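Chain residues, written in single-letter form:
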Amino acid sequence: MQKLAIQGGNRLNGEVRISGAKNAALPIMCAGLLTAGDLHLDNMPDLHDVATMRKLLMQLGVAIEINGGQMVLSAANIDNLEAPYEMVKTMRAAILVLGPLVARFGEARVSLPGGCAIGSRPVDLHIKGLQAMGAEIHIEHGYIHAQVPHGVGAKRLKGARIFFDLVSVTGTENLMMAAALADGVTVLENAAREPEVVDLAHCLIAMGAKIEGAGSDTISIIGVEKLHGASHRIMPDRIESGTFLVAATAAGGDITLTDARADILENVLEKLQEAGASIQVAGSTINLKMNKRPMAVNVRTSPYPAFPTDMQAQFMAMNTIAEGSAMVVETIFENRFMHVQELRRLGAQIDVEGNTAVIKGCAQLEGATIMATDLRASACLVIAGLVAQGETIVDRIYHLDRGYEHIEAKLSGLGAQIRRLK
Ligand code: UD1
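Described in the following lines is the structure provided in the data block.

Reading guide: rules and limits
- Residues numbered from 1 in each chain as written.
- Predicted model: local features only at pLDDT ≥ 70, side-chain atom pairs only at ≥ 80, totals over all residues.
- Heavy atoms only, no water.
- Helix = DSSP H or I, 4+ residues; strand = E, 2+ residues; numbered from the N terminus.
- Buried < 20%, exposed > 50% of the residue type's maximum accessible area, 1.4 Å probe, protein only.
- Contact = heavy atoms within 4.5 Å.
- Near = heavy atom within 4 Å.
- Polar contact = N/O pair within 3.5 Å; in protein donor to acceptor, adjacent residues only side chain to side chain.
- Areas by Shrake-Rupley, 256 points an atom, 1.4 Å probe, with all protein chains shown as cover.
- Nonpolar A, V, L, I, M, F, W, Y, C, P; charged D, E, K, R; others polar.
- Axes fitted to C-alpha atoms, helices over the stretch in contact; angles between N-to-C directions.
- Parallel < 35°, antiparallel > 145°, perpendicular 65-115°, else oblique.
- Left-handed = near helix turned anticlockwise from the far one by under 90°.
- Disulfide = S-S within 2.5 Å.
- 1 Å grid on protein atoms, 1.4 Å probe; cavity = no way out; pocket = protein on both sides within 12 Å on 5 of 7 lines; lining within 4 Å.
- Points joined across faces, edges and corners; volume = space filled by probe spheres on them.
- Phe/Tyr/Trp six-rings, centres within 6.5 Å; stacked < 30°, edge-to-face > 60°.
- Lys NZ or Arg CZ within 6 Å of the ring centre and 35° of its normal.
- Pairing = 2+ DSSP bridges.

### Let's talk about the side chain of Thr243
Its place among the elements puts Thr243 in helix H8 (residues 238-251). On the basis of relative accessibility, which here comes to 5%, the residue Thr243 falls in the buried class. When near neighbours in sequence (up to four residues on either side) are disregarded, Thr243 contacts Met311, Gln314, Ala379, Ile383 and Tyr404.

The structure is reproduced here in structure tokens:
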């Protein structure tokens, strides 16, 4: 199992290019299932989750060519409508093949994701939405079997008005893709407003879909009979951007992100300024300077445009060495504090009560061996390692490779002492 060895104490200085967003790339790859035409994608990140999605789509019959950050998908010859458990259990986003397959082929079998490290994460909203659009759904042997009955307009889903009880990012994306090929108008209410939903909508529109309102809580989709091939550039990863900015705020330094977008990071940038960082935005670059110990900052996670749950763990790491005490409240996932135990092993002072963590900043963490438990928790542990005294070994970094492109190379480029132990 691979590990990272980090020698803490270095400031971060220099430039780092931000990769394409994982959470935009995965749904957009699935959008390729909606057409027999070629989908050309640019700025694709080189990540384990992208490789897993590629493997799944190829099992369904999608032909995929890759050349650096470019990917071409052709779903002209789909011969399998099943996403097996082995795929869905390693990457929950595999559920995103469900909507496109049912919409284009009238049928799909997708494994239920089951539990995962950060909570039970059900998919009931995806299922209810497809049922409202006319799909018959049976749960059998751990699989969601969805079928559009014969007689419903040549196996086409039909448009529907769908209200989400809870804001769900992939739920919104799955139903938006399904609605793109449905017969009639679909209105998604209390839809997710995340920028990745907007990026997917842009790609679908380039493919011929008729979508209005993406980025607001009401999305209207007029179904069309066919979509065609298109080209699309994946948006920058706002969580990767935020992770580097938090790292530099905690460790101190002067870093510039290139190919980034500040307009989708507002809440995070405000919090970093509150911690004492000075931030300058110019076009697609974000510069952050930090020359003192950070001030503790409270955060409360909530759907976009509020503070993202995917940045909660990184802010926790910064708060462990901040001046003062901070409260971190997690409202999206029920079990997303597993990094707390590991941070405590470095000497952090954190109390947890339900979904609230209270962190009392200490002057210095001490390096130790710690274990990554999920993707964003891993990033938190790397940040803690960067500021701890002595050596920190982060074990089980396969979680990190799921969502951060070449993280140790990028951090080394900024002056961190970090290396991979194989
Ligand atoms: C997406 C992101 C993930 C991020 C999360 C929240 C991708 C690939 N992943 O995950 O990085 O942490 O949004 O911003 O984009 N829920 C239900 N029923 C459902 C669906 C969701 O109860 O059918 C609940 C979930 O358990 C959770 C909340 O709704 O408590 C939000 O989850 P959701 O937005 O769906 O997360 P994902 O789309 O899986």
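### Describing the site of the ligand
Around the ligand sit 19 residues in total, of which Asp124, Ser168, Thr170, Asp310 and Ile332 are the nearest. Between the ligand and Thr170, the relevant distance is 2.6 Å, taken from an oxygen atom to a side-chain nitrogen or oxygen of the residue. Here the ligand, which alone exposes 740 Å², has 88% of that area covered by the protein. With three residues, the single largest contributor to the shell around the ligand is helix H5 (residues 124-132). The class makeup of the residues in the shell around the ligand is nine nonpolar, five polar and five charged.

### Considering the packing of helix H6 (residues 169-180) against helix H7 (residues 195-206)
Where H6 contacts H7, the two axes come as close as 10 Å, and the packing angle between them is 15°. Considered as vectors, H6 and H7 are oriented roughly parallel to each other. The element H6 and its partner H7 pack so that their crossing is right-handed. Across from Val169, Thr172, Glu173, Met176 and Met177 in H6, the residues of H7 making contact are Glu196, Val197, Leu200, Ala201 and Leu204. For the contact of H6 with H7, a count of residues per class yields seven nonpolar, one polar and two charged.

### Quick notes on the state of the cysteines
Tallied over the full model, the rule gives zero disulfides. Residue Cys30 stays outside any disulfide, its sulfur separated by 11 Å from that of Cys203, the closest cysteine.

### Concerning the environment of Lys271
Note that Lys271 resides in helix H9 (residues 266-274). Not counting residues up to four positions away in its chain, the partners in contact with Lys271 are Val297, Asn298, Val299, Phe307 and Phe315.

### Here we look at the layout of surface pockets
The calculated volume of the second largest pocket comes to roughly 230 Å³. Taken together, 15 residues make up the lining of the second largest pocket; nearest its centre are Ala250, Ala251, Gly252, Ile321 and Val387. Only H8 and helix H12 (375-387) provide two or more residues apiece to the lining of the second largest pocket. When the residues that make up the lining of the second largest pocket are grouped by side-chain class, the tally is seven nonpolar, five polar and three charged.

### Some details on the packing of aromatic side chains
According to the stated counting rule, one finds one aromatic pair in the structure shown. When the ring of Phe307 is compared with that of Phe315, the centres are 5.0 Å apart and the planes differ by 90°; the resulting orientation is edge-to-face. Relative accessible area serves as the criterion here: at 2%, Phe307 is assigned to the buried category. The residue whose ring lies beneath Arg109 is Tyr143, and the NZ or CZ to ring-centre distance is 4.5 Å.

### Re the sheet that holds strand S9 (residues 143-147)
What holds strands together in a sheet is hydrogen bonding between their backbones, with the strands either parallel or antiparallel. If you trace the four strands from one edge of the open sheet to the other, you get S6-S7-S9-S8, paired in mixed fashion. The two strands at the open ends of the sheet, each matched to only one other strand, are strand S6 (82-83) and strand S8 (136-140). Bridge analysis of S8 against S9 gives five bridges, and the strand direction is antiparallel. By the bridge assignment, His138 is partnered in S9 with His145. Across the sheet, helix H4 (residues 98-105) touches strand S7 (107-111) and S9, and the angle it forms with S7 is around 160°.

### Description of the environment of Pro27
Tracing the backbone shows Pro27 in helix H1 (residues 22-31). Residue Pro27 is classed as buried on the basis of its relative accessible area of 1%. Put simply, Pro27 and Met177 are 150 residues apart on the chain and 9.0 Å apart in space, counted from C-alpha to C-alpha. Beyond its immediate stretch of four places on either side in the chain, Pro27 contacts Lys22, Leu96, Glu173, Met177 and Leu200.

### Focus on the sheet that holds strand S5 (residues 70-74)
Here we have four strands laid out as an open sheet, ordered S4-S5-S3-S14, and mixed in their pairing. Single-partner strands in this sheet number two, and they are strand S4 (63-67) and strand S14 (230-233). When the angles between neighbouring strand axes are averaged without regard to direction, this sheet yields 15°. Bridge analysis of S4 against S5 gives five bridges, and the strand direction is antiparallel. The partner of Ile64 across the bridge, within S5, is Leu73. The strands touched by H1 within the sheet are strand S3 (38-42), S5 and S14, with S3 carrying the most contacts at an inclination of about 165°. Packed on one face of the sheet, helix H2 (residues 48-60) meets S4 and S5 and runs near 150° to S4.

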